[in-house]
Amino acid sequence: MILGIGTDLCNIDRIHGTLDRFGDRFRNRVFTDTEQRKAERRADTPGTYAKRWAAKEACSKALGTGLRMGISWKDMAVSNLRSGQPVMELTGWAAERLADMTPKGHRAVIHVTLTDDHPWAQAFVVIEAVPEKAPPASA
């Protein structure tokens, strides 16, 4: 079952300007060390940050809170599998919110997709509840 859906559209040039203006202060407030390492290795550093910004916004919407109620930017972190597929990991209050909204007997799966076409970066997040496997019946 779907627990939440969120989307966000972010202007890459706006993020580029924010990076130029606030530098590490902005990076360290919003992005985890892993996200920063990924972005700084990429040719399109502002675009990489913008996609992750959009993913955090989309995730907060899928959680049903937006960026309020105690969720920190760093409570939502985007990394990539070896295949390149983005994944969202939650910690802190975001993880608590996810646990609260997940029905008993289910586990939450967060699906995230990122795209960009300058000057836009976009993210979609779908939070799904998947039934936990029932233990095998005794004979």
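Please refer to the structure higher up on the page.
Summarised in this report is the structure supplied together with it. (Residues numbered from 1 in each chain as written. Predicted model: local features only at pLDDT ≥ 70, side-chain atom pairs only at ≥ 80, totals over all residues. Heavy atoms only, no water.)

A look at the pairing of strand 4 (residues 106-117)
Going by this rule: In this description, strands pair whenever DSSP reports at least two bridges between them. Helix and strand labels come from DSSP, where a helix needs a run of H or I of at least four residues and a strand needs a run of E of at least two; each type is numbered from the N terminus.
Sheet topology note: the strand 4/strand 5 (residues 120-131) ladder contains twelve bridges and is antiparallel. Looking at strand 5, one finds that Thr113 is bridged to Phe124.

Some points on the packing of aromatic side chains
Heads up, the rule is: Geometry of aromatic contacts follows a simple scheme: Phe, Tyr and Trp rings, the Trp one being its six-membered ring, pair when their centres are within 6.5 Å, and the pair is stacked under 30 degrees between planes, edge-to-face over 60, tilted otherwise. Whether a residue is buried, partly exposed or exposed follows from its accessible area with a 1.4 Å probe, protein chains only, as a fraction of its type maximum: under 20%, in between, or over 50%, in that order.
Within this structure, the stated rule accounts for four aromatic pairs. Relative to Tyr49, the ring of Phe31 has its centre 4.7 Å away and its plane inclined at 50°; by these criteria the two rings are tilted. A residue pair is termed long-range when its members are at least 10 positions apart, and Phe31 in the loop between helix 1 (12-30) and helix 2 (33-41) and Tyr49 in helix 3 (residues 45-62) qualify at 18 residues. Side by side, Phe31 and Tyr49 carry an identical accessibility label, which is buried. An aromatic cluster is built from Phe26, Phe31, Tyr49, Trp53 and Trp73, whose rings are joined through pairwise contacts.

Points about the nonpolar core
Spelled out, the test is: The term nonpolar core refers to a set of buried residues drawn from Ala, Val, Leu, Ile, Met, Phe, Trp, Tyr and Cys, joined through side-chain atoms within 4.5 Å. Throughout, a residue-residue contact means that at least one pair of heavy atoms, one from each residue, lies within 4.5 Å.
Residues Ile15, Trp53, Leu63, Met88, Leu90 and Val125 are the most contacted members of the largest nonpolar core, which totals 33 residues. Secondary-structure elements contributing two or more residues to this core are helix 1, helix 3, strand 2 (76-80), strand 3 (86-90), helix 4 (92-101), strand 4 and strand 5. Here the element with the most residues in this core is helix 3; it accounts for eight residues. Filtering out sequence-adjacent residues up to four positions away, Leu90 remains in contact with Cys59, Leu63, Asp75, Met76, Ala95, Leu98 and Ile110.

Remarks on the sheet that holds strand 1 (residues 2-11)
Rules: With axes taken as lines fitted to C-alpha atoms, and helix axes fitted only over the stretch in contact, angles between N-to-C directions fall between 0 and 180 degrees.
With respect to topology, three strands assemble into an open sheet ordered 1-5-4, the strand pairing being antiparallel. Across the chains shown, the open sheet's two edge strands, defined by having one partner strand only, are strand 1 and strand 4. Neighbour-to-neighbour, the strand axes of this sheet turn through a mean angle of 10°, independent of strand direction. Contacts between helix 1 and the sheet are confined to strand 1, strand 4 and strand 5, with strand 1 contributing the most and set at about 70° to the helix. In the packing of helix 3 onto the sheet, the strands contacted are strand 1, strand 4 and strand 5, and the crossing angle to strand 1 comes to about 145°.

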